[in-house]
Amino acid sequence: MIKLKGLVKQFAGAPRPAVDHLDLDVAAGEVCVLIGPSGCGKTTTMRMVNRLIEPTSGTIEVNGHDVTHMNPVELRRGIGYVIQQVGLFPHMTIAANIATVPHLLGWDETKVARRIDELLQLIGMEPESFRDRYPRELSGGQRQRIGVARALAADPPVLLMDEPFGAIDPINRARVQDEFLKIQRQLKKTVVFVTHDIDEAIKMGDRIALLRDGRLVQQAPPAEMLARPANGFVEDFVGADRALKRLSLITCVSLANPGSVVGAPEVSADTSARDGLAVMLESGARAINLAGGGVVRLEDFFARTG
Amino acid sequence: MLASAWQYIVEHPDRFGAALWRHISLSVAALLIATAIAIPLGIWLARRARVALFAINAANVGRTLPSLAVLALMMPLLGTGFTPALFALTLLALPPILINTYAAVRQVDPDVIDAARGMGMTQREITRGIVVPLAVPVIAAGVRIAAIQVISGAVLAAYIGGGGLGDFITAGIAMMQISLLLVGAIPATLLAIGTDLLFGRVQRALTPRGVG
């Protein structure tokens, strides 16, 4: 869906290119997370996709079309765009904010109104009580959800998200992330997601592309990157607790065997293996029972992380 | 004294009315011209850092010039009468509007602009739909300052034959006739206060909901 080939961005006066011969394919319907230390070129790469930044050389294809041959304004209207600071228009109501792109595309008002309510429902905000409010009357988490709704308004196949949940407190961030994943499973957008938070990358990404100094270091699904880091840099970047991170990607039920252990604590089957292990360690037992049957023993965890 | 000032107005309604009308028309015309120039110029400058530095500094210098000096400088250039007075008052009104417009546009959150661009708004759509509405309260404050300055400055137009309420004041001083002086001074003061109140309301009315 998105194909970057030999992409280079050299900013005037910079000692080295911000993006240096980057090749990257993002398949339709997948969330590709761009991650790396600051200055690695992840945001620059994302902003070249909708031509907020013009590439120095290389090509970018979106849905088979070379974006450099498209009118940038039309291109952007077909790509959802979410940024960390949200950038809601403070002088417009929530409804008007969401309606931005539909209005630019000239939709008729009844269609726009229907779409606004549909999106507010999708993000779990009651249309009657939020439609006519202003951004400043909302919490940070609510604003960010409106930002996502606004990006989805004209139903673009592609979404660009630049640290979209970075400014929200941890508890609300987890909620907004879960909500987005739920929406994404339903809508199957092609998403380029920029973050510097490896936990977020593991949680949100179907694939992670790790960048350093404008170059691609490794590109892999989260589980694979954690299991087989390409080099020492990747290993350091994903962290010393990568074994635990891998457990966070799977549920207890996927490790379970039939039976039960007397005296072991019980957790629900869809608890993440990481949380299950934590419960086990805390209780001092060597196994956990799953509600609804099945047991995960200590050695079952090793089988996954060793 | 107040009574004799009032008596003068009642006895010379034509003369007073003409001066008042001249005062107001001079001020309104100057303000309209200055607004028409300074607002677009300020918006334009906000996106051009280098030219802006020069223009805003010039405006700041312009702001410190005494009103009377500006009017006096017009005389050798344009002579006396309505036109030079209008020209001078326009010059007086430009700096506050220009400086406020520039500052108002610059203070619009860059993330809001980035989001607008990223969603495919054209520069024109961003200026009209986002920047101007968000900048309007501060621009209106600049127009308010300019309006008061012009209404007050218009009193001095009399010195270069521009007419207006200042005619009574200069005549009053020349003839040592305090009541005649008040015929000019009191209405001019009331006009300035009224202008401030009026523009304060305009400013509030123009502030979009959800902002300020």
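The preceding data block contains the structure.
Residues numbered from 1 in each chain as written. Chains lettered and ligands numbered in written order. Predicted model: local features only at pLDDT ≥ 70, side-chain atom pairs only at ≥ 80, totals over all residues. Heavy atoms only, no water.

A. Representation of the overall build of chain B in the model. Within chain B one finds nine helices and zero strands. In chain B, the order of α-helices and β-strands from amino to carboxyl end is α-α-α-α-α-α-α-α-α. Counting only C-alpha atoms, chain B reaches 65 × 40 × 20 Å along its principal axes. Out of the 212 residues in chain B, the part that is buried amounts to 48%. Long-range pairs, those at least 24 residues apart, make up 78% of the contacts in chain B with a sequence separation of at least 6. About 10,600 Å² of surface is accessible on chain B, with carbon and sulfur atoms providing 69% of the total. (Helix = DSSP H or I, 4+ residues; strand = E, 2+ residues; numbered from the N terminus. Buried < 20%, exposed > 50% of the residue type's maximum accessible area, 1.4 Å probe, protein only. Contact = heavy atoms within 4.5 Å. Areas by Shrake-Rupley, 256 points an atom, 1.4 Å probe, with all protein chains shown as cover.)

B. Focus on a nonpolar patch on the surface. A grouping of Leu2, Ile186, Leu190, Ile193 and Leu197 of chain B is seen on the molecular surface, where their side chains present a nonpolar patch of about 490 Å² in accessible area. Exposure remark for isoleucine 193 of chain B: the relative accessible area of 47% places this residue in the partly exposed category. (Patch = residues over 30% accessible without salt bridge, like charges linked within 9 Å, V, L, I, M, F, W, Y side chains within 5 Å. Salt bridge = Lys/Arg side-chain N within 4 Å of Asp/Glu carboxyl O.)

C. How the structure looks around the interface of chain B and chain A. Contacts between the two partners involve 21 residues from chain B, matched on the other side by 23 residues from chain A. Note on chain B versus chain A: buried area summed over both sides is about 1,900 Å², and carbon and sulfur give 61% of it. Ranking the residues of chain B by area buried against chain A places Arg117, Met119 and Gly210 of chain B at the top, with a combined share of 31%. In this assembly, chain B and chain A are joined by two salt bridges. (Buried area = accessible area lost by both parts, 1.4 Å probe.)

D. View of the pairing of strand S12 (residues 287-290) of chain A. All names here are of chain A. By the alternation rule, side chains of S12 split into Ala287 and Asn289 and Ile288 and Leu290, which are all buried. With two bridges connecting them, strand S11 (residues 266-267) and S12 associate as parallel partners. Across the sheet, valine 267 pairs through a bridge with leucine 290, a residue of S12. Once you follow S11 into helix H13 (residues 273-283) and on to S12, the crossover reads as right-handed. As defined by bridge partners, S12 adjoins strand S13 (residues 295-297) across three bridges and the pair is classed as antiparallel. Residue isoleucine 288 lies in a different strand from S13, and its bridge partner there is valine 296. (Pairing = 2+ DSSP bridges. Right-handed = clockwise from strand over helix to strand, strands pointing away.)

E. Examining the packing of aromatic side chains more closely. Inspection of the entire model under this criterion finds five aromatic pairs over all chains. Where tyrosine 8 of chain B meets phenylalanine 168 of chain B, the ring centres are 5.8 Å apart and the plane angle is 80 degrees; that geometry is what we call edge-to-face. Linking tyrosine 8 of chain B in helix H1 (residues 2-11) with phenylalanine 168 of chain B in helix H8 (residues 166-174), this pair joins segments that are 160 residues apart in sequence. Judged by its relative accessible area of 15%, tyrosine 8 of chain B is buried. Here the guanidinium or amino end of arginine 150 of chain A rests over the ring plane of phenylalanine 89 of chain A, the centre of that ring lying 4.8 Å away. (Phe/Tyr/Trp six-rings, centres within 6.5 Å; stacked < 30°, edge-to-face > 60°. Lys NZ or Arg CZ within 6 Å of the ring centre and 35° of its normal.)

F. Spatial organisation of helix H3 (residues 49-64) of chain B. All names here are of chain B. With 16 residues, H3 extends 23 Å from end C-alpha to end C-alpha; this agrees with the ideal 22 Å at 1.5 Å per step. Those residues of H3 not exposed but buried are Ala52, Ala55, Ile56 and Ala59. Viewed along the axis of H3, the buried residues span an arc of 100 degrees, placing them on a single side of the element. Facing away from the buried side of H3 by over 90 degrees, the exposed positions are Arg50, Leu53, Phe54, Val61 and Thr64. Against helix H2 (13-45) and helix H5 (82-106) lie the buried residues of H3. (Expected span 1.5 Å × (residues − 1). Arc of directions from axis to C-beta.)

G. Region of interest: the nonpolar core. Counting 99 residues, the largest nonpolar core has Ile98, Leu120, Ile146, Met161 and Phe165 of chain A as the members making the most contacts within it. Top element by residues in this core is H5 of chain B. It accounts for twelve residues. Sequence-distant contacts of phenylalanine 165 of chain A, defined by excluding residues within four places in its chain, comprise Gln144, Val148, Arg173, Val176, Gln177, Phe180, Phe193, Glu200 and Met204 of chain A. Counting residues in hydrophobic clusters, the runner-up holds 29 residues, among them Leu7, Leu24, Cys32 and Cys40 of chain A. (Core = buried A, V, L, I, M, F, W, Y, C linked by side-chain atoms within 4.5 Å.)

H. Representation of the pattern of salt bridges in the model. Residues and elements named next belong to chain A. Taken as a whole and judged by the stated rule, the model has 16 salt bridges over all chains. Arginine 16 is the partner of aspartate 213 in a salt bridge, and the nearest nitrogen-oxygen pair spans 3.6 Å. Highlighted residues: aspartate 213 in the loop between strand S9 (207-212) and strand S10 (215-220) and arginine 16 in the loop between strand S1 (2-9) and strand S2 (19-26), separated in sequence by 197 residues. Aspartate 213 sits in the partly exposed class, given a relative accessible area of 41%. Several salt bridges converge on common partners, so that one network encompasses Asp117, Glu128 and Arg131.

I. Region of interest: unusual backbone geometry. Residue and element names in this part refer to chain A. Positive phi, close to 65 degrees, is recorded for valine 86, a residue that is not glycine. As for its position among the elements, valine 86 is in the loop between strand S6 (79-83) and helix H3 (94-98). Phi is positive for aspartate 213, close to 50 degrees, though the residue is something other than glycine.

J. Region of the structure containing the sheet that holds S10 of chain A. All names here are of chain A. Within the open sheet, the six strands sit side by side as S6-S7-S8-S3-S9-S10. Their pairing is mixed. On the outer flanks of this sheet lie S6 and S10, each paired with one strand and no other. Averaged over neighbouring strand pairs, the angle between their axes works out to 15 degrees when direction is ignored. In the sheet, S6 pairs with strand S7 (residues 158-162) via five bridges, with the strands oriented parallel. Bridging from a neighbouring strand, isoleucine 79 pairs with valine 158 of S7. (Axes fitted to C-alpha atoms, helices over the stretch in contact; angles between N-to-C directions.)

Taken by themselves, the reported measurements are silent on function.
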